[in-house]
Amino acid sequence: MTKKEEQLKKRQEKLEAEIARIEGLKVYEREYEEYGLVCGIDEAGRGPLAGPVVAGAVILPRDSRILYLNDSKKLTEKRREILYDEIMEKAVAVGIGVVGRERIAEINILQATYEAMREAVKKLDPCPDVLLNDAVTIPGILKMQVPIIKGDAKSVSIAAASIVAKVTRDRMMAEMDKKYPGYSFASNKGYGSAAHIAALKKLGPCEIHRRTFIKNFVGENE
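Nothing here was measured: the structure is a model prediction, and the numbers come from that model.

> Help me understand the environment of valine 156 in this model?
In this structure, valine 156 sits in helix α6 (residues 156-179). Overall, the relative accessible area of 3% leaves valine 156 in the buried class. Ignoring sequence-local partners within four residues, the contact set of valine 156 consists of Ile22, Leu25, Lys26, Glu29, Leu60 and Leu69.

Next comes the structure, spelled out in structure tokens:
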């Protein structure tokens, strides 16, 4: 076997392994598809010091095969962007919910996350029959819900929702970086990096900082 043939064989083996992995991530979708359309739900942005929390809701076709889907945190930014476009192209429906820092301060981050998830589901057309959620049960939704611990690494639908939420939020934070320069939002996405905290102490908070999240870094009167 030539070197080129060996390389082709290895590439084919990797491709077959990835196809098998993705098919294995459809176990929940197959289990609940008898009840109708299955939707995956996940969020991005519960922990940052600034910016909104964003939820994604994705219904994939039963025969979909989007390779390399995974928990968005395990993927490179480039891979997430590529997958985002593929999800948007191939999904039956995609819904996105966004809740900003004022609402987060008003009702707390957990309730704001639930609100973003409800908003994302409400935007889906057609409506799903079963919700596969990453570890939570969403209050106020009467549809069948299946909370799955670490679901973004166990379900193709939740993984897709994870990517949609993450890419959407990252793009929003890149725009916020232009509006509020100095905090490096384009790179830290609002999370508490050392550079972000240093800028926060030097410049004080801007309009999108979460006041209850930053109280340890700035004075009470900020």
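Here the narrative resumes.
> So what exactly am I meant to see when it comes to the pattern of salt bridges here?
Between side chains of opposite charge, a pair can form as their charged atoms come close. Counted by the stated rule, this structure contains 15 salt bridges. Taken together, the salt bridges that share partners define one network made up of Glu23, Lys26, Arg30 and Arg65.

> Would you take a moment to explain the side chain of aspartate 170 for this structure?
Counting through the fold element by element, aspartate 170 comes out in helix α6. Residue aspartate 170 is classed as buried on the basis of its relative accessible area of 7%. Apart from residues no more than four positions distant in its own chain, aspartate 170 is found in contact with Arg80 and Lys189.

> Which parts of the structure should I look at to understand unusual backbone geometry?
Glycine aside, residues mostly have negative phi angles, and peptide bonds mostly take the trans form. Residue proline 126 is reached from aspartate 125 by a cis peptide bond, and omega for that bond is 10°. Checked against the element boundaries, proline 126 lands in the loop between α5 (109-122) and β4 (130-134). Positive phi is not limited to glycine here, since tyrosine 68 has a value of about 75°. Along the chain, tyrosine 68 turns up in the loop between β2 (53-59) and α3 (77-90). Relative accessible area serves as the criterion here: at 34%, tyrosine 68 is assigned to the partly exposed category.

> Could you clarify how one ought to interpret the nonpolar core in this entry?
Inside soluble globular proteins, nonpolar side chains tend to come together where they are buried. In this structure, Val58, Leu60, Leu69, Ile87 and Ile163 are the most contacted members of the largest nonpolar core, which totals 23 residues. Breaking this core down by element, the ones donating at least two residues are β2, α3 and α6. The dominant element in this core, judged by the number of residues it contributes, is α6, at 8 residues. Within the second largest apolar cluster, 22 residues are counted, among which are Cys39, Ile41, Met117 and Val121.

Rules used in this analysis
- Residues numbered from 1 in each chain as written.
- Predicted model: local features only at pLDDT ≥ 70, side-chain atom pairs only at ≥ 80, totals over all residues.
- Heavy atoms only, no water.
- Helix = DSSP H or I, 4+ residues; strand = E, 2+ residues; numbered from the N terminus.
- Buried < 20%, exposed > 50% of the residue type's maximum accessible area, 1.4 Å probe, protein only.
- Contact = heavy atoms within 4.5 Å.
- Salt bridge = Lys/Arg side-chain N within 4 Å of Asp/Glu carboxyl O.
- Core = buried A, V, L, I, M, F, W, Y, C linked by side-chain atoms within 4.5 Å.

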